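Structural description and commentary
Listed here are the chains, written in short residue letters.
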Amino acid sequence: MEELQAPPAMDRLSALAAGTVVPAEIHPELQDEEMILEVADFNLSYGSKQVLFDVNLPVPRGKVTALIGPSGCGKSTLLRSVNRMNDLIDNVTITGDMSLGGDTVYGRGVDVIELRRRMGMVFQKSNPFPMSIRDNVTYALQINGERNRAVLNEVCETALRGAALWDEVHDRLDESALGMSGGQQQRLCIARAIAAEPEVLLMDEPCSALDPIATTRVEELILKLRGDYTVLIVTHNMQQASRVSDYTAFMYLGQVVEYGPTAKLFTNPLLKETEDYITGRFG
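I will try to describe carefully the structure that is included in this document. What you see is a predicted model; the values in this text were computed from it and never measured. (Residues numbered from 1 in each chain as written. Predicted model: local features only at pLDDT ≥ 70, side-chain atom pairs only at ≥ 80, totals over all residues. Heavy atoms only, no water.)

A few words now on the pairing of strand S4 (residues 64-68). In terms of burial, S4 is a largely internal element, five of the five residues being buried. Of the two faces of S4, the one carrying Val64, Ala66 and Ile68 and the one carrying Thr65 and Leu67 are both buried. Relative to strand S9 (residues 230-234), S4 runs parallel, the two being bridged by four bridges. Counterpart to Val64 in the pairing with S9 is Val231. Where S4 lies against strand S10 (residues 247-252), four bridges are found, and the strand directions are parallel. Residue pairing across strands places Ala66 opposite Thr248, the latter belonging to S10. (Buried < 20%, exposed > 50% of the residue type's maximum accessible area, 1.4 Å probe, protein only. Helix = DSSP H or I, 4+ residues; strand = E, 2+ residues; numbered from the N terminus. Pairing = 2+ DSSP bridges.)

All right, on to the pattern of salt bridges then. Two side chains of opposite charge can pair, provided their charged atoms sit close to one another. Scanning all chains against the criterion turns up 18 salt bridges. One salt bridge in this structure joins Arg61 and Glu34, with 3.0 Å as the shortest N-O distance. Highlighted residues: Arg61 in the loop between strand S3 (49-60) and S4 and Glu34 in the loop between strand S1 (25-26) and strand S2 (35-46), separated in sequence by 27 residues. Relative accessible area serves as the criterion here: at 39%, Arg61 is assigned to the partly exposed category. (Salt bridge = Lys/Arg side-chain N within 4 Å of Asp/Glu carboxyl O.)

Turning our eyes to something else, we now look at the environment of Asp97. Here Asp97 shows up in strand S5 (residues 92-100). Residue Asp97 is classed as partly exposed on the basis of its relative accessible area, which comes to 27%. Considered as a pair, Asp97 and Ser81 are 16 residues apart in the sequence and their alpha carbons are 10.0 Å apart. Residues in contact with Asp97, not counting those within four places in the same chain, are Glu38, Val39, Ala40, Phe42, Thr104, Val105, Tyr106 and Gly107. Of note is the side chain of Asp97, whose polar atom sits 3.1 Å from the backbone nitrogen of Tyr106. (Contact = heavy atoms within 4.5 Å. Polar contact = N/O pair within 3.5 Å; in protein donor to acceptor, adjacent residues only side chain to side chain.)

It is worth spelling out the state of the cysteines at this point. Inspection of every chain in the model, using the stated rule, returns zero disulfides. Between Cys73, a cysteine without a disulfide, and Cys207, which holds the nearest cysteine sulfur, the sulfur-to-sulfur distance is 18 Å. Cys73 gets classed as buried once you look at its relative accessible area, which sits at 2%. There is no disulfide at Cys189, and the cysteine sulfur nearest it, in Cys207, is 12 Å away. Looking at Cys189, the relative accessible area reads 2%, which means it is buried. (Disulfide = S-S within 2.5 Å.)

So, on to the nonpolar core. One finds Ile133, Val137, Leu160, Leu188, Ile190, Leu201 and Met203 to be the most contacted residues of the largest nonpolar core, which totals 50 residues. If near-sequence neighbours (up to four positions away) are discounted, Leu188 is found in contact with Pro128, Ile133, Asn136, Val137, Leu160, Leu165, Ala177 and Met180. One finds Ile36, Phe42, Leu67 and Tyr259 within the second-largest nonpolar core, a separate group that totals 34 residues. (Core = buried A, V, L, I, M, F, W, Y, C linked by side-chain atoms within 4.5 Å.)

What follows concerns the packing of helix H6 (residues 149-162) against helix H8 (residues 182-195). Contact geometry for H6 and H8: axes closest at 8 Å, N-to-C directions at 125°. The angle between H6 and H8 falls in the class oblique. The handedness of the crossing between H6 and H8 comes out as right-handed. Residue-level inspection shows Val155, Ala159, Leu160 and Gly162 of H6 in contact with H8, the latter providing Leu188, Ala191, Ile194 and Ala195. (Axes fitted to C-alpha atoms, helices over the stretch in contact; angles between N-to-C directions. Parallel < 35°, antiparallel > 145°, perpendicular 65-115°, else oblique. Left-handed = near helix turned anticlockwise from the far one by under 90°.)

Quick look at the packing of H8 against helix H9 (residues 212-225) now. Axis separation between H8 and H9 bottoms out at 9 Å; the angle between their running directions is 20°. The pairing of H8 with H9 is recorded here as roughly parallel in orientation. As H8 packs across H9, the resulting crossing turns out to be right-handed. Of the residues in H9, those in contact with Gly183, Gln186, Arg187, Ile190 and Ile194 of H8 are Ala214, Arg217, Val218, Leu221 and Leu225. For the contact of H8 with H9, the residue count by class is six nonpolar, two polar and two charged. (Nonpolar A, V, L, I, M, F, W, Y, C, P; charged D, E, K, R; others polar.)

Spelled out as structure tokens, the structure:
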């Protein structure tokens, strides 16, 4: 794959459209951060169709990092590559690597089940299990053999408080989670994810199916989780990215175009292409 060192601004989008690898503009502020996740020269193809091109993305520990870009630009594919969910799809070819806390994600001999235990995943649509609220939250502990009721109850309360849900459901923990509202179910899924104390919390458009009030509650929760957890979130809503994230990466046609502090990316980006996307000139 040909690599351009410094393409003129007006040629960048046409170069990306042609499949040429164009180095991302990475803001210098990222150099001061401690990284928990490193994506290095990562390529992914479905059969003969390549969808990610030489992605390099360092994710800072304890911060919220948002992935933005037009539909089909590879945001969710990249997110699902972090916990190797794309392994479940036929004809996937991958080169490059990722590392979590210094440990390879794609190296030989990696225990994928253990890897996924180190990450929490929240999907676009809430997916509570058809069981009680309590058992939803403590599911991961129970399948790992934890049977001490006091431990399970403590974890349940801590996770539900962390998900800003305890006050709403503490008196009905043994009722089915399917009876909760959509916004509550999504926060329950976040509680279930953080109950296992993940190193990284992955969120794939977690508010896309929620009404504005429920969206606000989830956004408030993401801000609350910052610092205690590293959050990598895909969102189609640029206003949401600007509200909840510390850093934002703009992706286009399978490549990272620009990556830096959210406030700077949205108000004073280094690239005109980023400014054009954020202001709605394309995409």
